[in-house]
Amino acid sequence: MDLSLPGGTSSDHRPAGVCLSGPPVKMSVSGMKKQLHKASQLLNERLMGAEGTKMDEDFLKMEKSVLVINSLLLELISRTTEVLQPNPAYRAKLSMLNTMSRIRGQGRSVGYPQTEGMLGDCMCQYGCELGAASEFGGALSGVGESLQQVAQARDALDVNVKHSFIDPLQDLQDTELKEIRFHLKKLNGRRLDFDYKRRRRGKVPAEEVRQAWDKFSSSKEQAERSMFVLLQSDVDQLRPLAALVSELLDFHRNAQRIMLSLHGNLQARLTAASNRPERRFRPKKIRIRSEHNGGLGLGFYQQPSLPSPVSSAEEFTELPSRPGSPISCYADSRTVLDQPCCRAMYSFHPNQEGELDFNEGDIIILTNRVDANWYEGALGSKSGLFPVSYVDVLVPLPLP
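Since this is a predicted model, take the numbers as computed values, not measurements.

Undergrad: Looking at this structure, how should I read the overall build of the protein chain?
TA: The secondary structure content of the protein chain amounts to eight helices and seven strands. Counting every position in the protein chain, which comprises 400 residues, the buried fraction comes to 30%. A total of about 26200 Å² of accessible surface is found on the protein chain, and carbon and sulfur atoms cover 56% of it.

As structure tokens, then:
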């Protein structure tokens, strides 16, 4: 029960004769006397140890439960906000920006920066800089996009929890609990007035004592009824709690779905990278000018250990290239390619019957395009299927 001094300062209860603006409020003599009586009784109880009228046990139990609910709602709303938006600095900045937007008449509000989203933005940025040719860059972009999706799911969680959990609790605090606090404060004031007049019985007319008792009894009944209604509305109090759990469950389900898809994608990338043969560095041939018969001609630089250059009219020197080099050369092969064929960029050793076995650098004759992922071809006396991604087409198959 609120034991504050009757007539204390508030928007609805200002000190006697005080007004924030305009002329002074004139209080009636009886009203001023009542406030003085309440103050006298309160001081007498606190300083002199006088006993006031005691409430029954059921009333006191309900009042204690209401006080617990009031404290619970205050802390529950605060803790829930901390779970959804854990960074207090970001919360303060967000509140300030949204307040400024409302002052300026801007409809849009700034969202809380989710940590998953910030990490995802970082990964996407560097994944784009590494480029699609980089397997690591592609994986970074994939992880970044998934984290951005998790951040969007968390944004939706923030909005849904506010609407289905925080707002109902705030409404409960601003309506029913506010009304109960008002009734308890009013009851305490009337109790003080009744106890003062009862203590001074004989000096105060019996009719005034009876009227004070009637008002006190009426206020007690109103406060008791409002507390009873609150404590019996279990459905209204359980519904927001069930909504909170449901929203959290939906968020974690969405996050799990996103992460499972990402995990499968990364495992596929890891398997492909593990099965891919190691690529060896192949230096480019350098085209230089060389003297021949007193003139200058174009040629390729050749290391001394390599075979002698093949003479030609223009005195070009050509380095024999090793097949399967990932680095392009001016002349990769001397073989005349007069039919559809491809060169193996990686070795392929299948486990399934009907697939073609070959090594890096082999020239495979193309016989058919099975689908977007598989070719059919021949290597020597062997023929079979092989993946498109393992070869570099030199002479394409004719269009059907």
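Undergrad: Before we go on, may I ask you to explain the pairing of strand 5 (residues 374-379) in this structure?
TA: Regular strands show a simple pattern: their side chains alternate between the two faces of the sheet. With burial as the criterion, only one face of strand 5 is covered, namely that bearing Tyr375, Gly377 and Leu379; the residues Trp374, Glu376 and Ala378 on the opposite face remain uncovered. With four bridges connecting them, strand 4 (residues 363-369) and strand 5 associate as antiparallel partners. Each residue of the ladder has a partner; that of Asn368, found in strand 5, is Glu376. Strand direction decides the pairing type here: strand 5 and strand 6 (residues 382-387), joined by six bridges, are antiparallel.

Undergrad: Could you clarify how one ought to interpret the packing of aromatic side chains in this entry?
TA: Summed over all chains, the structure comprises nine aromatic pairs. Arranged with centres 5.7 Å apart and planes meeting at 35°, the rings of Phe348 and Phe358 form a pair that is tilted. With Phe348 in the loop between strand 3 (341-344) and strand 4 and Phe358 in the loop between strand 3 and strand 4, the pair connects residues that are ten residues apart, well separated along the chain. A single burial state applies to Phe348 and to Phe358, both of which are buried. Joined through ring pairs, the aromatic side chains of Tyr346, Phe348, Phe358, Tyr375, Phe386 and Tyr390 make up one cluster.

Undergrad: Could you clarify how one ought to interpret helix 5 (residues 135-174) in this entry?
TA: Three- or four-residue spacings in an α-helix give side chains the same orientation, since the helix completes a turn every 3.6 residues. Along its 40 residues, helix 5 runs 56 Å from first to last C-alpha, staying within 8% of the 58 Å computed at 1.5 Å per residue. Roughly 45° is the biggest bend found in helix 5, and it falls at Lys162.

Undergrad: Looking at this structure, I do not really get the sheet that holds strand 4. What am I missing?
TA: In a beta sheet, neighbouring strands pair by backbone hydrogen bonds and run either parallel or antiparallel. A sheet is described by the order of its strands in space; here five strands give the open sequence 6-5-4-3-7, paired in antiparallel fashion. Each end of this open sheet is capped by a strand with a single partner; those strands are strand 6 and strand 7 (391-395). Geometrically, the sheet is characterised by an average inter-axis angle of 40° between neighbouring strands, direction not taken into account.

Undergrad: Explain the packing of helix 2 (residues 57-84) against helix 7 (residues 206-232) to me, please; I cannot follow it from the model alone.
TA: One can describe the packing of helix 2 onto helix 7 by two numbers: an axis separation of 10 Å at closest approach and a directional angle of 55°. Taken together, the axis directions place helix 2 and helix 7 in an arrangement best described as oblique. For the pair helix 2 and helix 7, the sense of crossing is left-handed. Contacts from Phe59, Met62, Glu63, Ser65, Val66 and Ile69 in helix 2 reach Lys220, Ala223, Glu224, Met227, Phe228, Leu230 and Leu231 in helix 7.

Undergrad: Please clarify how the pattern of salt bridges should be interpreted in this entry.
TA: Two side chains of opposite charge can pair, provided their charged atoms sit close to one another. As enumerated under the stated definition, the model contains 14 salt bridges in all. Across the pair Asp195 and Arg198 runs a salt bridge, and its minimum N-O distance is 3.4 Å. Residue Asp195 and its partner Arg198 are both found in helix 6 (residues 176-199); the two are separated by three residues, about one turn of the helix. Between Asp236 and Arg239 there is a salt bridge; the shortest N-O distance is 3.4 Å. Of this pair, Asp236 and Arg239 both sit in helix 8 (residues 234-275), three residues apart, which is roughly one turn of that helix. Under the relative-accessibility criterion, Asp236 is labelled partly exposed at 47%.

Undergrad: What exactly am I supposed to notice about the environment of Phe165 here?
TA: Turning to its location among the elements, Phe165 is positioned in helix 5. In this structure the C-alpha to C-alpha distance between Phe165 and Ala242, which are 77 residues apart in sequence, comes to 8.7 Å.

Undergrad: What exactly am I supposed to notice about helix 4 (residues 115-130) here?
TA: Helix length check: helix 4, at 16 residues, gives a terminal C-alpha distance of 23 Å against a target of 22 Å (1.5 Å per residue), a fit within 8%. Among all positions in helix 4, only Glu116, Gly117, Gly120, Cys124 and Gly127 are buried. The buried side chains of helix 4 occupy one side of the element, clustering within an arc of 90° when seen end-on. For helix 4, exposure combined with an orientation more than 90 degrees from the buried face picks out Thr115 and Glu129. Backbone geometry just after helix 4 places Gly131 at a positive phi near 90°.

Parameters at a glance
- Residues numbered from 1 in each chain as written.
- Predicted model: local features only at pLDDT ≥ 70, side-chain atom pairs only at ≥ 80, totals over all residues.
- Heavy atoms only, no water.
- Helix = DSSP H or I, 4+ residues; strand = E, 2+ residues; numbered from the N terminus.
- Buried < 20%, exposed > 50% of the residue type's maximum accessible area, 1.4 Å probe, protein only.
- Areas by Shrake-Rupley, 256 points an atom, 1.4 Å probe, with all protein chains shown as cover.
- Pairing = 2+ DSSP bridges.
- Phe/Tyr/Trp six-rings, centres within 6.5 Å; stacked < 30°, edge-to-face > 60°.
- Expected span 1.5 Å × (residues − 1).
- Bend = angle between axes of the 7 residues up to and from the residue.
- Axes fitted to C-alpha atoms, helices over the stretch in contact; angles between N-to-C directions.
- Parallel < 35°, antiparallel > 145°, perpendicular 65-115°, else oblique.
- Left-handed = near helix turned anticlockwise from the far one by under 90°.
- Contact = heavy atoms within 4.5 Å.
- Salt bridge = Lys/Arg side-chain N within 4 Å of Asp/Glu carboxyl O.
- Arc of directions from axis to C-beta.

Honestly, that's just the spatial picture; any functional story needs more than this.
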